[in-house]
Structures are given as C-alpha cells and as structure tokens.
Amino acid sequence: MSLVAIFLGNTALAQTESGNNKSASADSAASSPVAIVDVAIGFGRGSEGGLYKVGLWCPVNVTLRGGAAATTGVLEIEATDGDGFQSIVKSPPVNVPAGSEVQHQLLVRPGTQAGTITVRVRDAEDGKIMATRQAELIAMLSSQQLWVQVGESLRTGDAVRTQDLADTNSIEISTIEKLEDLPTRWFGYEAVDVLFVSVADLQLRDNFRGNARLNALEDWVKAGGRLILAVGAESATSAEFFAAGDDAHPLARFLPGTFERMEQVPQIYEVQRFADTNDRLEIGTSFRVPRIKAKSASIVRSELQSGVPIVVESAYGFGRVTYVAMDWHRPPFSTWTARGRFIAVALGLPLSTPNNQELESTGQLSHAGITDMSAQLRSGLDQFPEVSIVPFWAIALAIVGYIALIGPVDYFLIKRLFGRNGHSKMELTWITFPIWVILVSGAAYWIAADTKGDNLHVNQLVVEDHDLDSGTVRGSSWFAVFSPSMATFDIRMKGSTGDQSTQAMTTWLGLPGRVLGGMAADNTLTMGRGGGYGYDNGYQQLQATPIPVWSSRCFTSRWLNQAEDPALEVSMQAVAGEPSGSIRNNTGEDLTNCLFAYRRWAYLIPELPDGATVSLTSFDVDRRELRDELNGRRLTLNQETNQYETEHDAYDILNRDLNDIARMMSLYESAGGKEYTGLEHRYQAFMDLTPQIELKRGVLVGFVKQPEGSVEVQAESNLTPQTRNWKCMRFVFDVEEVSPSQ
C-alpha cells in the first residue's frame, strides 16, 4: 500500500513550494547573525565526504559561525524519508558566540540513496530563518558493510583490500579523527557494522575519559554492535588498559577477560597458522604479549603455544567485542604481507566467493520484489484482514470497461437514441461524457470506501530481548498504520520494558533494495517540499506524520533498558556440547512455541506458562539438530539410486505469518542464511542471534500468547485505532561448560 501513498500523496500534499523557496532565498541573501560553515554527513570527512547508509541513522555535524553579536538559534535538518515525505529533525536552542565557531550534531535518517538535505538555522524566539544550506547525499546501500576506524588509522582498509575477499566491493572503510564527530546517541551507530579502536592512541584515550560519547558507544555495543580492540603490549597505554580502578583506560570496560601478566615470547608462529599463510612474520628475538583469562561467553580464536590468547571474541550484551593482543598497524605487523588476511580471519570474513546453489524461492523473489528479510516483514505487517484489496485483473477490466463506456457505448447511445432522420447530435457528448465520468467516479469511490472501510488499523510486532547475565533489555517494534482518510498522526511508544530506561527512538521503516518503491530505486518519488513532519528532541515521537487516504506506512521503534530482576531463572550446564538443566519463566507472560538453541541443538518447548519450570530432559521437550528444525532438512531414500539424499523445505518468501518471519530473522544464519532463504538480512541485521550461539551462549525464542499493543497512534481526526499485536520474547545467557569427569 506504500505505492498508493506515494501516488495519492503527490497530488494531495504538494503545496506552496515556490513561495517557501523565495522566502528562504530572501532570508539567506540578507545579512545573518550566523553562518553555516560546514555540513559533514556520516562517518569521516574529506574530499569525498563521510560514509553512511540509506534508511539508517547517521550523524550530521554542522559547524556554525557567529556574526557580530552572540545569538541563539535552533538547528534543523530536512531530509526525504523512505516513502518520499519530508522529515525534519530539530535541535534544542544552540548558543553561537560572536565571531566564534561551534559544532552541533543531529542524527538524520536519509531515505534516498541520492539527493539533498537542507540545513537551516532559525531564530530561537521568532522562528525566522537566519541561515540555510543544502548538502548532497550519496549514501551506501543498506546491504553494504561500513567499517569505521576511530583515532589513528589502523590501515585496515589498505590491508583488507589487498586480500582475496569474497565481497571486497561491499566493504567501505572510514576513519574518524575527532571524537566530536562520533554519535551522541547509541542508535547513531546504526549504519556501522564494525568499529575499530586502537588502545595505543593517547589522544583518543584522553578524549574518551569522562566523555558522554563513550556511553553511547557502549550502549551501541550492548544493543548488538561489534567492536574490535587492538591492544598491543608495547604501547604506552597498555598498562592503563589492564589496570583496575580509576586509573584504568576508558576502554578497559570492554576487556573480554581478566588480565594476568605480561609475557615475553620468542616466537608467534601461531599467528601465521591462524591467518592460514606461509608469509613469515618476523618479530626479532622476542615479543611481549599480555596474558588474559577469557571470560565465559567468549571464544579464543587464536592462542600461542604457551596458552596466551591472541584473538578473543566475547559477548557484550547483545553485541560482540573482538580483542586482538597486537597493534597490527605498527611494526613488526605493519610490514607483514599477510596482515590483511589476519584481520579478515579475525573478523570471520570469507576468503573466497561461496558457491551458492540455486534456490527454489528465486522465482518468488523476482515476482514479489523482496530482497531482504525486512521486506518480508513489511509485507507481513501490511496485511489487514478488514481491508480488502481489489485484484489487478478487476482494475484492468474496469479500465477497459470505462474506455468502452466513454467511447463506443457513448457513441452508440447518442446515435441511436438521439439521432433523427439519420442525423445524430454528436455534440451531446459534451453532456454525456461528464455524466459518465461522475457516475464512474462515484462508483469507484463507493467500491473503495466499501472495501477499505473507515477504520484506522495498526499491526504491530514487538521483539523483546533479555541478556540475563548483564541485565540488558533491548526492545524493537515494527508496525504498519493504515489510514482511511488523509490525516496526520503523532506516533510514539507507550513505554518500554525495564527499570532504567536509557534512550529510545521511533522512526519510519524503509524498503531496501532497487525495487519499485525501494530506497535504492532510481525513480524515487518525493511528496513535495511545502513542509514536513518532525521528531521531538529525543527522537522518541513522530509529530504530524502524514498518511494518505486508504494507504499504510511502516514504522519502527527501538529502545535499550536495564532490568534489575532476570526474566528467566536458568540452571544449566553443558557436557561435551550438550546442555542439561531447567528454565523457569518469570516474565509475567505465557510463552508458546518456544525454541531453545545451544550450539548445534534445538530443543522444542510447546508451552512455557508464566511461573512454570521446564527441564530439557522432559518428555515434552523434543530435541533436533538446529538447522534441521529451521529449514526442514532431512534424509530421504532415492528409490532410483537406493541412496539417501539430503532435502530441505524451500523457504517461502511469500509467507506473511509474523511469528514465522520473526523466528527466521532471529536465527537467520543458523538456518543457512541467504543460501537457504534467498534473501539478505542486512537492513535489520541486529535481529539475528546466531552470533550469540556461536559464542556458546544459550538462546531461547518464544512467543506471547495474548500480547498487548505498545504503540500509541494519535490522529488529528480522533480516529481510534484497531490493533493486532504479535510479540516475540528472546533470551540469551551463558551456559557453564563442564568436563565429563566433573
């Protein structure tokens, strides 16, 4: 229905654009007490600008210069969203000293891959425009990877691009030199896939100390981000990084274990073996490395023969921290020819293009225009049983009938009914033609009103994640709003779960890919620039958001909290990769259709009522291979060859069941990823909990039987929404691994 919104909205919302532009030009031409010196979009600066992705939040750093006198203004940025509407973010009042420059940051969500954003400064008192400037947008696709280096360059890009990676062109790398350019809110990192930080950077250490941006970075990692720490023992800051108390390095909180001591090692051949290369790494006579004891929920990917971990990957909330006990951008590693290969292996990147098989869902893919799991989610949200969809064949038949009515039928009636003595009064068509138009238009309106109804509808899926070990609660909501009339809405979440709320945001949800209506499409339509809807200063509420008549739009909300009491009571151990123990439900919700995943196993729990305890050894719990459960993989006997063959159920991208979609998004890579589904999972990639399973953590996915809605939609016409709600609850926790002899 979003296409209907685009076409109808163009005629309904395009207003006095020329008048507004003349007014803005006049204001700009006049002398202004403030000037916009620079607009830096995304991550990094330079001649080619920063990097950012279409459809995801990014920082926009605006530099203002004061005039002859100090002034106070409100900074606002206008950008086109994924449906072609204009969205506006505003700052609190900004003080600009006379003759001085100040930098202020806003977060913007570009909805088109190419275009412009408009930056304005308004007087804080009367709202008059004091300065305006446009900046060009050239965004990355949401399917690409964005790597960001903070501080001194780690030369990651130069190293990785020299290697034989599968998708080198899909990786873009940026360097942030100034800490002030980093986002001030955790969701400002939404477009970042990997963030690299060197502990050896002294200036970065000093700037991070006591800086609120460090909290935003930590919250982003907790919410699912990935942080790579280069920790070389030879750097001047290594002692601080491994110190405890107030003297510790600001980034020491991310250390995935407990520091034990520094060790002098004569060789590090294991690093070469880890990179699977014969290129020799020359370190001289000896080399110092820190020895740490890795914590639970971590994997030692590489260690020396003496047992010193070199590469450790650990869970941090729902995110990951990869600790590398060396500064690969400094000697002796900076001259190592296999340095890029080492980084690629440490990040788990494929070193050769995978041989993907043809998928049975390919035909459905081209037919449906769905390229990403989030697009299938949008399609599921956009199903309203009370709203009938007129099939295409009926519309085509009606068009043919209308053409016949105003053409040959009209001609026949005038000639036969009004003709006399062989002379027809064809000028009567000036009367009959508008009559036909009025009748057909009235019939079309009546049919549309009867099929679409006059009710406001909301479909909402909520996914609530609990990290039982850290107490982190991550919430995500996706919802579609169908409007029976042209109206504007205030949209926000009623509240989020948890005891200590941090920062939340509510925004629009785009359609990824180069498909009709997609954010990367070449023929993106806009809805005019006569005004736009806005956000509150906390990004928690959308204000006056337009939805055209008989159309729907999709939105999303995310929040991050800290819970005091765990939602599950888990008592579990694993022996040789097989868990045993029990799970007690303390969520206050009755859960159904639960799946507990640990390493290669899936345990199916049909019901888990509130207050109930289930044992993994119970007769009601069925155990299967995780991948077999997710994709229906099975062995079948080929009658012709008399041999067993592996088969699996073809993934149905036309499935609109939101619970099924949520489960596949939760365990996407565990099911086989794109090789099985035929779809990318990049736009909402944080939903996949497979990385937590790879870190040997337990993951429980369940669905609430009778969920309540948590989105509040207020219409200017006082429409009361009719809501349908789905809720998925997911839990991650450490599982103690013990040896069989214990």
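Look up a bit, the structure's there.
Quick caveat, the model's predicted, so the values are computed rather than measured.

### Details of the environment of glutamine 562
So, step 1. Along the chain, glutamine 562 falls in strand E24 (residues 551–562).
So, step 2. Sequence separation between glutamine 562 and threonine 472 is 90 residues, and the spatial gap between their C-alpha atoms is 4.8 Å.
So, step 3. For glutamine 562, the side chain forms a polar contact with the main-chain oxygen of serine 470, separated by 2.5 Å.

### Considering the nonpolar core
So, step 1. Ile117, Leu195, Leu229 and Phe342 are the most contacted members of the largest nonpolar core, which totals 173 residues.
So, step 2. If we skip the residues at most four places from it in the chain, leucine 229 touches Val197, Val199, Phe241, Leu251, Phe254, Val321, Thr322, Tyr323 and Val324.
So, step 3. Counting 23 residues, the second-largest nonpolar core is a separate cluster that includes Leu468, Ala574, Ile583 and Leu700.

### Here we look at the sheet that holds strand E26 (residues 578–585)
So, step 1. Pairing is mixed across the open sheet formed by four strands, whose spatial order is E29-E26-E25-E36. Here the strands that pair on one side only, and so sit at the sheet edges, are strand E29 (613–615) and strand E36 (736–738). Mean inter-strand twist for the sheet, computed between neighbouring axes without regard to direction, equals 15 degrees.

### With respect to the pattern of salt bridges
So, step 1. Enumeration over the complete set of coordinates arrives at 33 salt bridges.
So, step 2. A salt bridge links lysine 727 to glutamate 464, with the shortest nitrogen-to-oxygen separation between them at 3.4 Å. On the criterion of sequence distance, the pair formed by lysine 727 in strand E35 (residues 721–734) and glutamate 464 in strand E18 (residues 456–467) is long-range, its members being 263 residues apart. Each member of the pair, lysine 727 as well as glutamate 464, is classed as buried.
So, step 3. Of the charged contacts in the structure, one is a salt bridge between aspartate 465 and arginine 730, with a shortest N-O distance of 2.6 Å. Of this pair, aspartate 465 sits in strand E18 while arginine 730 sits in strand E35, and the two are 265 residues apart along the sequence.
So, step 4. Each of Glu76, Glu78, Arg120 and Arg122 takes part in a single network of salt bridges with overlapping partners.

### Quick notes on a nonpolar patch on the surface
So, step 1. On the surface, a cluster of nonpolar side chains totalling about 580 Å² of accessible area is made up of Val390, Ile395, Ile399, Ile403, Trp446 and Ile447.
So, step 2. Looking at the nonpolar patch, the elements that each hand over two or more residues are helix H11 (392–417) and helix H12 (429–452).
So, step 3. The greatest single-element share of the nonpolar patch, amounting to three residues, is contributed by H11.
So, step 4. Along the polypeptide, isoleucine 447 turns up in helix H12.

### Things to note about the packing of aromatic side chains
So, step 1. A complete count under the given rule lists 20 aromatic pairs for this structure.
So, step 2. Judged by centre distance (5.6 Å) and plane angle (65 degrees), the rings of tryptophan 57 and tyrosine 535 are edge-to-face. Pair noted here: tryptophan 57 is in the loop between strand E1 (34–41) and strand E2 (58–66) and tyrosine 535 is in strand E22 (residues 533–535), with a separation of 478 residues, a long-range link. Both residues of the pair, tryptophan 57 and tyrosine 535, belong to the buried class.

Cut-offs and rules
Counting restarts for each chain: residues are numbered from 1 in the order of the written sequence. Given that this is a predicted model, residues contribute local features only at a pLDDT of at least 70 and side-chain atom pairs are listed and counted only at 80 or more, while totals for whole chains, interfaces and linings are drawn from all residues. Only heavy atoms go into the side-chain values, all of them from the structure, while hydrogens and water stay out. Where helices and strands are cited, they refer to DSSP runs of H or I of at least four residues and of E of at least two residues respectively, numbered from the N terminus. In protein, a polar contact means a hydrogen-donor-capable atom and an acceptor-capable atom, both N or O and within 3.5 Å, with residues adjacent in sequence counting only if both atoms are side-chain atoms; elsewhere, any N or O pair within 3.5 Å suffices. What is meant by a nonpolar core is a set of buried Ala, Val, Leu, Ile, Met, Phe, Trp, Tyr and Cys residues, joined one to another through side-chain atoms within 4.5 Å. Burial here depends on accessible area, computed with a 1.4 Å probe over protein chains only, as a share of the maximum for the residue type. Under 20% is buried, over 50% is exposed, and the range in between is partly exposed. Contacts are residue-level and defined by heavy atoms, with any inter-residue pair within 4.5 Å sufficient. Each pair of strands is called paired provided DSSP finds at least two bridges between the two strands. Only C-alpha atoms enter the line fits that serve as axes; for helices the fit covers just the stretch in contact. Angles between N-to-C directions range over 0 to 180 degrees. Whenever Lys or Arg places a side-chain nitrogen within 4 Å of a carboxyl oxygen from Asp or Glu, that contact is recorded as a salt bridge. Patch membership requires over 30% relative accessible area and the absence of a salt bridge. Like charges are linked within 9 Å, and nonpolar side chains (Val, Leu, Ile, Met, Phe, Trp, Tyr) within 5 Å. Computed with a 1.4 Å probe, the accessible areas rest on the Shrake-Rupley method; for each residue, only the protein chains presented here act as cover. Only the six-membered ring of Trp is used, alongside the rings of Phe and Tyr, when aromatic pairs are assigned; centres must lie within 6.5 Å, and planes under 30 degrees apart are stacked while those over 60 apart are edge-to-face, with the rest tilted.

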